[in-house]
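So the chains spell out like this:
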Amino acid sequence: MKRFYLAAAVLSLISLSAFGFSEKDIISPASGTWCNQQALVLSSSNASEVYYSLTGSDPFESGFAYDGPVLIEKKGSVRVRIGVVESDGLKKEFVIDYTVMPAVFSELDEETASFAEKNLAKTPLITYRSGTEYSFPSGIRYSFEKTRIPFLKQKLKLQQNNFVGRFASFFATDGFNNYHSVILIVPEEIVAVENKYALPFSITDWNTFSFTDKKYIYQIDDEMWNFDYSERFIGRECEHVIHWQSVDFAENSTVYEYVLPAMPEVKEIINGDGIVSFKLPEDKNYTFENGGKLIFAEAFFGEETEGSFSPKIYLDGNLNGCVNVAYHLDRLAPEIPVISASGDSAFSRKTLALKIECPEDAKIFYAVSEPVYYEESKDIADDIEITMPEDFAEYDGSDIVIESPEDKSCACKVFAYAVDAAGNTSKIVDQLYVIDELNFYVGASKENGKADGSFMNPFVSFDQVVAAINASEGVTRIHLKGDITVESGEQVIKKDCVIRGNGSKIIFMEGASLSIQNASVEIFSCTLEKQADSASLLAQVEKSAVFFNDCEIVGFYGEDGKLFEIKDSKVSFVDCGITLSASRIAVCGNITDGTLNVSGCRFTAIGQSASALKVLNSEATFDNNLFTLIGGICKGVDIAGGSISFAGDVFNAQSDGKYRNSGAVFRNGGCKVTGLNSTLANGF
């Protein structure tokens, strides 16, 4: 068992508890797992008897009396028991369990490994002298609070005039190993106070007066002249006048006078930045042992500590006594505020109501950025560049309400920081929020109970998509993040929407279909696929306007098959591929009493009877499309009534020759057809 030997000047200034021993007086060891040996360092009261055991035994029965810091040379699991007997006879016991394990430096960079091995792993004591700087490599983080994950990386630095010597508990990590140490803070070096007057008396502990020069007789205030040279009490709550003259008491003897002022009041001044100064009265000749009227106590950045010390006070260079001075030093920034949203989500469909809380008693200040608007919703994790406002307001505890225009996605950030009673300011925390009424996302992820259609929690079924579209008051935008399978049921869209497939599929199984009624729908970059044994539609459009762009519409049928039925609607296909395969009759789609625009598309129909389109009493425009028909009977576009125009379309038929093909363009009576001479037909 080794002891730390500290300078007497340091020991005399180490803070003492005035209110009995408590857990906070155990500076070291600390419970936990550490990669360095620990020290036993206590802040004990003069009125307490403190005993300790390093073996887990009863400290009152077989422990040692604590009289200073002790190195605990133990590894593995260690139990330290501390027993305290207070001045009133009350006994207390404290138990600290911790583990010491070897440090591993192989994963560290050379600078960090060298520092950690030399300064942290080999000793639990770090000596710091006020006025110097103690630096750490970039790989080291530290804190002074066990409850705070090590986060500081600043140099340790106190002003040279820091007067208080003390111990500070210190927690550090290099990213792989954790350490707990004790910092011994050495105060400023004290220069001997100049003795301005050689007085024939001395003052001890303020109230003990001793006249020491027997060549003189003395008088205190209006007392009789006195020959008593023994110690006597003199109350220092008020001023006294001391006279003395030669002991022969001659008539012409010189009478000397000295005014002994009352015991001074030491005034505390909070300077901020973790510095507290203590000041003696200007109108008296009192000084501290540093020769001045001011002394300073300071905390490290990130530290909060309290205690007391007893500086010596001199009058004209003569020691009068000590004054017990309590201090509270606080340079520990408060925890960052926590911003929470209604619904426990950073995403909202309508309005966000935010609250801000701080884990401790501190004022909160906040600011909301100017909104940034997007046509599409943003991922909460996206790196959105939003400027922090310059002006912050104090938070009063009420909801902070954020709204967005109905037709746009709004992203904004809320910034907040906390300021504690000591003026320490936390880091600024910011949280991105997105408000979006109209953008919905759907993916193939497993149902998680939080599927709200947001980017972070997309819908998992097409039922949810259709419900969102039909409940919206504006043009809903649907974004696919993966393939979706519709198992059954007719999915009826009754409101305006835009569907962006992003290359994903919507697969409609047997008994499942899409119906668009009285709505305007745009579908981009999406594959619509139908899988069925019997004749059932993929999509039905009625009294609607539908626009397909860069889409693949595919159907696989067992016997007869038709992909879409369009009635009294306006439909456009641009740069799409429409493919249908059926064993008997394959018709890609019908349009009746409507308007059809087809440009740059590919139509493929495979079946015993294969036909691309049937156009009934409608206006249709075809421009640079490719029609491929494979089967026994091949028919390109079947027209009955209406007005049709072609421009540069190509029709290819691949027939088995058993039946006569009906032609690239088949007309059934009263219809107007133009541009046929610009088309190219092969195999008809």
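Everything quoted here is computed from the prediction, not taken from an experiment.

How each quantity is defined
Residues numbered from 1 in each chain as written. Predicted model: local features only at pLDDT ≥ 70, side-chain atom pairs only at ≥ 80, totals over all residues. Heavy atoms only, no water. Helix = DSSP H or I, 4+ residues; strand = E, 2+ residues; numbered from the N terminus. Rg over C-alpha atoms; globule rule 2.2 N^0.38 Å. Buried < 20%, exposed > 50% of the residue type's maximum accessible area, 1.4 Å probe, protein only. Contact = heavy atoms within 4.5 Å. Salt bridge = Lys/Arg side-chain N within 4 Å of Asp/Glu carboxyl O. Phe/Tyr/Trp six-rings, centres within 6.5 Å; stacked < 30°, edge-to-face > 60°. Pairing = 2+ DSSP bridges. 1 Å grid on protein atoms, 1.4 Å probe; cavity = no way out; pocket = protein on both sides within 12 Å on 5 of 7 lines; lining within 4 Å. Points joined across faces, edges and corners; volume = space filled by probe spheres on them. Nonpolar A, V, L, I, M, F, W, Y, C, P; charged D, E, K, R; others polar. Arc of directions from axis to C-beta. Axes fitted to C-alpha atoms, helices over the stretch in contact; angles between N-to-C directions.

(A) The arrangement of the overall build of the protein chain in detail. Within the protein chain, the regular secondary structure consists of four helices and 61 strands. For the protein chain, whose C-alpha radius of gyration is 45 Å, the value lies well above the compact-globule estimate of 26 Å for 684 residues. Counting over 684 residues, the protein chain shows a buried share of 49%. Nonlocal contacts in the protein chain, meaning residues at least 24 apart in sequence, comprise 64% of its contacts between residues at least 6 apart.

(B) Quick look at the pattern of salt bridges. This model, assessed by the stated rule, comprises 18 salt bridges. Glu133 is paired through a salt bridge with Lys157; the nearest N and O atoms lie 3.4 Å apart. Of the two residues, Glu133 is situated in strand β11 (residues 133-134) and Lys157 in strand β13 (residues 156-157); the sequence distance between them amounts to 24 residues. By relative accessible area, which is 44% here, Glu133 ends up partly exposed. Its relative accessible area of 41% is what places Lys157 among the partly exposed residues. Note that Lys413 is salt-bridged to Asp430, the shortest N-O span being 3.6 Å. Note that Lys413 is positioned in strand β37 (residues 409-419) and Asp430 in strand β38 (residues 429-435), a separation of 17 residues in sequence. For Lys413, a relative accessible area of 17% corresponds to the buried category. Accessibility expressed as a relative area gives 37% for Asp430, which makes it partly exposed. Salt bridges linked by common partners bring Glu133, Lys155 and Lys157 together as one network.

(C) Main features of the packing of aromatic side chains. What the rule picks out here adds up to 40 aromatic pairs. Between Tyr128 and Phe300, the aromatic rings sit 5.2 Å apart at their centres with planes inclined by 75°, giving edge-to-face as the arrangement. With Tyr128 in strand β10 (residues 125-129) and Phe300 in the loop between β25 (294-298) and β26 (304-309), this residue pair connects regions lying 172 residues apart in the sequence. Of the two residues examined, Tyr128 and Phe300, each falls in the buried class. Ring pairs connect the aromatic residues Phe201, Phe209, Phe211, Tyr216, Tyr218, Tyr229, Trp244, Tyr256 and Tyr258, which therefore count as one cluster.

(D) Up close: the pairing of strand β58 (residues 650-655). Note: strand β57 (residues 626-647) against β58, six bridges, orientation parallel. Each bridged residue has a counterpart across the sheet, and for Thr628 the counterpart in β58 is Asn652. Examined bridge by bridge, β58 and strand β61 (residues 680-682) share three bridges and lie parallel to one another. If you follow Val650 over to β61, its bridge partner there is Leu680.

(E) Inspection of empty space enclosed by the protein at higher detail. Under the defined criterion, the tally for this structure stands at one cavity of 30 Å³ or more. Estimates place the volume of the largest cavity at around 60 Å³. Every element with two or more residues in the lining of the largest cavity is listed here: β48 (539-542), β51 (561-567) and β52 (570-574). A class-by-class count of the residues in the lining of the largest cavity yields 10 nonpolar, no polar and no charged.

(F) Region of the structure containing helix α4 (residues 462-471). All buried positions along α4 are accounted for by Phe462, Val465, Val466, Ala468 and Ile469. Each buried residue of α4 lies within a common arc of 160° when the element is viewed along its axis, so the set occupies one face.

(G) Fine view of the sheet that holds strand β32 (residues 351-357). In spatial order, the strands read β30-β32-β36; together these three strands make up an open sheet with antiparallel pairing. Each edge of the sheet is formed by a strand with only one pairing partner; in this case those strands are β30 (338-341) and β36 (400-403). Across the sheet, the mean angle from the axis of one strand to that of its neighbour is 30°, orientation sign disregarded. As paired strands, β32 and β36 are joined by four bridges and run antiparallel to one another. When the bridges of β36 are listed, Ala353 appears paired with Val401.

(H) Just the sheet that holds strand β12 (residues 141-143), in detail. Spatially, four strands are ordered β10-β15-β14-β12 in an open sheet, and the strand pairing comes out mixed. The sheet terminates laterally at β10 and β12, the two strands that pair on one side only. Neighbour-to-neighbour, the strand axes of this sheet turn through a mean angle of 35°, independent of strand direction. Relative to strand β15 (residues 178-186), β10 is paired through five bridges, and the arrangement is parallel. What sits directly across from Tyr128, in β15, is Ile185.

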